Amino acid sequence: MTEIQHYILFPNHDNAMRLYRELRKLGVRAVIAPTPRSASKCCGVSLMVEKDDLEKIRETAAEKEIEILKIAEVEKDFNPHRDRYC
Amino acid sequence: MADNHKMWEELGMNLELHDQLCAVLPQAVGDVFLSQENRPEGMDYYDMVVADIHGIRPSELVARQEKGGKVFGTFCVYVPDEVIFAADAIATGLCGGSQFWVPGGEKVLPTNTCPLIKASVGARLDRTCPFFRIADMYIGETTCDGKKKAWEILSEDVPVHVMDLPQMKRAKDVKAWAEEITALKDVVEKFTGNKVTAEKLAESIKLINNKRKALARLYECRKNENVPISGTDALVISQIAFYDDPARFAQMTNKLCDELEKRIAEGVSVTPAGTKRIMLTGTPLAIPNWKLHNIVETSGAVVVCEEMCTGTRYFERYVDESKETVEEQIDAIAERYMGINCACFTPNHARIDDIIRLAKEYKVDGIIDVNLKFCNLYDTEGYFVERALKEEGIPVLGIETDYTDSDAQQLRTRVSAFVEMLNN
């Protein structure tokens, strides 16, 4: 079964890092990642998060006035043996 | 991000071509870094830098330029950043580590030029890297023939100052390098309009030494039996060191080291006990060249040290901070930099001594001597490296590679066989 990964996209890295720090304070897991191509054509910082945390994340962003562009669902596809470098 | 596109456009970049690089970076980062388990939390800073590598730091450099500051692009660990920062300017690394830039370089360079040089020239001429667009002046050096000719080509497009690095290490050569550093100081002063005073140079010597000390602390953690950080993560930190603000880099790396030292105290390791410890020696691995580390670390081994420009050559030994005049400070800088052991020197026995010393300090089980294709100097020196390691009884695997993915499967086969041999 395909595993879905949720990404939070931001207008700039400042918003991403502000939310990342807030989530860490709350013990909510988030991983800093480049924005997946299938989610946006823009290069930039996004946050990989768990589906179960989405509501808490939306609340935190609203409370702290952190701008989110969108929440994207992307098929999880990390393969360290793919050997496609850049 | 919209802000980045505006900046890239204003920098005169080829947005359409650059977009092809943006397209492949997320997957590579996901495969190489985000697939790892039990990474230190402190890697979050470096993950942020890589995620927006052509946005965050370039925008800081542009902001400095808007206030009248100058940015100098450098390509080699012999160029003393201390002199540039002492003139209130910024030094930033420009070495290219992606196959994406190579075809652009091949338009003007022979195919049998090393990929690092081809990528660096291609990144400038194809207008696909903001760092290459931002730098007001490039500081080259005479560490190989390919670079010497590359500077001539680049100087038709951007101001270039070339430092003449001696190729031997006699007292008169150290003196000659001090004279080259003085000449660099004069160029930087003229270009920036800022005087390099003894006070400013003392500050920048300390600034760059602190960066070296942070990297030395990181590498010290990697000597432990429990490996608290993967070699791939350590590599990207070394790569970022060339670009980042030196004070912030030292601060974030020291913060990471606090966590790594705690991991060591608690016996936390990113690899199972008994995982074979590998040291890489050879040519630099410029960002985003992560191929060999990823292959080694997904083949049952862990990289614990790099005897490379993106490794120990960059941070070992410090500039003496006790000197009081500019002349004495420049002599101290020359002394420190001439202690780096690059294959461009003859003879270069000290590099062999370094490799054997590091193999013992990092308790390595085997060494991979990896050299970029067409790097004649390191390739030739590989004869001495491999002979000395065999005499010491240290298993060694010699590899020649480039930035393409085409040899990855072959490398996997060779590295896996090497690791299996170490395990038996």
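Here is what the cut-offs are and how they apply
- Residue positions are counted from 1 within each chain, in the order its sequence is given.
- Throughout, the order in which chains and ligands are written sets their labels, letters from A for the former and numbers from 1 for the latter.
- In view of the model being predicted, local features appear only for residues whose pLDDT reaches at least 70, and side-chain atom pairs are presented and counted only at 80 or more, with totals across whole chains, interfaces and linings using the full set of residues.
- Strands here mean DSSP runs of E at least two residues long; helices mean DSSP runs of H or I at least four residues long; both are numbered from the N terminus.
- For the radius of gyration, the atoms used are the C-alpha atoms, and the globule rule reads 2.2 Å times the number of residues raised to 0.38.
- Three exposure classes are used, based on other C-beta atoms lying within 10 Å of a residue's own C-beta, which is placed from the backbone: buried for 20 or more, exposed for 12 or fewer, and partly exposed in between.
- One confidence number per residue, pLDDT, is output by the predictor and ranges from 0 to 100.
- Two strands make a pair as long as DSSP finds a minimum of two bridges between them.
- Axis geometry follows a simple rule: fit a line to the C-alpha atoms, using only the stretch in contact for helices, then measure angles between N-to-C directions, giving values from 0 to 180 degrees.
- Any two residues are considered in contact once their C-beta atoms, placed from the backbone, lie within 7 Å.
- Each helix should span, by expectation, one fewer than its residue count multiplied by 1.5 Å.
- The arc in question is the one traced by the directions running from the helix axis out to the C-beta atoms.

## Describing the overall build of chain B
Helix and strand counts for chain B come out as 19 helices and 8 strands. Its C-alpha radius of gyration of 21 Å places chain B within 12% of the 22 Å reference for a compact globule of 424 residues. The principal-axis extent of the C-alpha atoms belonging to chain B is close to 60 × 50 × 45 Å. Taken across its 424 residues, chain B has 55% of its residues classed as buried.

## Considering the confidence of the model for chain B
Of the residues in chain B, 100% have a pLDDT of 70 or more, and the chain-wide mean is 97. Overall fold confidence for the complex sits at a pTM of 0.97, while the interface term, ipTM, reaches 0.96.

## Re the sheet that holds strand β7 (residues 366–372) of chain B
Residues and elements named next belong to chain B. Judged by pairing direction, the sheet is parallel, and its 4 strands sit side by side in the order β6-β5-β7-β8 without closing on themselves. Two strands bound the open sheet, and with one partner strand each, they are β6 (301–307) and β8 (396–401). Neighbour-to-neighbour, the strand axes of this sheet turn through a mean angle of 25°, independent of strand direction. Relative to β8, β7 runs parallel, the two sharing 6 bridges. Looking across to β8, one finds that Asp369 is bridged to Gly398. Sheet strands touched by helix α19 (residues 408–423): β5 (276–282), β6, β7 and β8. Its angle to β8, the strand with the most contacts, is close to 170°.

## Some words on helix α17 (residues 349–361) of chain B
All names here are of chain B. With 13 residues, α17 should reach 18 Å at 1.5 Å per residue; the first-to-last C-alpha distance of 19 Å fits that figure. Considered for burial, the residues of α17 that qualify are Arg351, Ile352, Ile355, Leu358 and Ala359. Seen end-on, α17 carries its buried residues on one side only, within an arc spanning 130°. Turned more than 90 degrees away from the buried face of α17, the exposed residues are His349, Asp353, Arg357 and Lys360. In this structure, the buried side of α17 is in contact with β5, β6, α15 (312–315), β7 and α18 (376–392). Where α17 terminates, the next one or two residues include Lys363, which has phi positive at roughly 50°.

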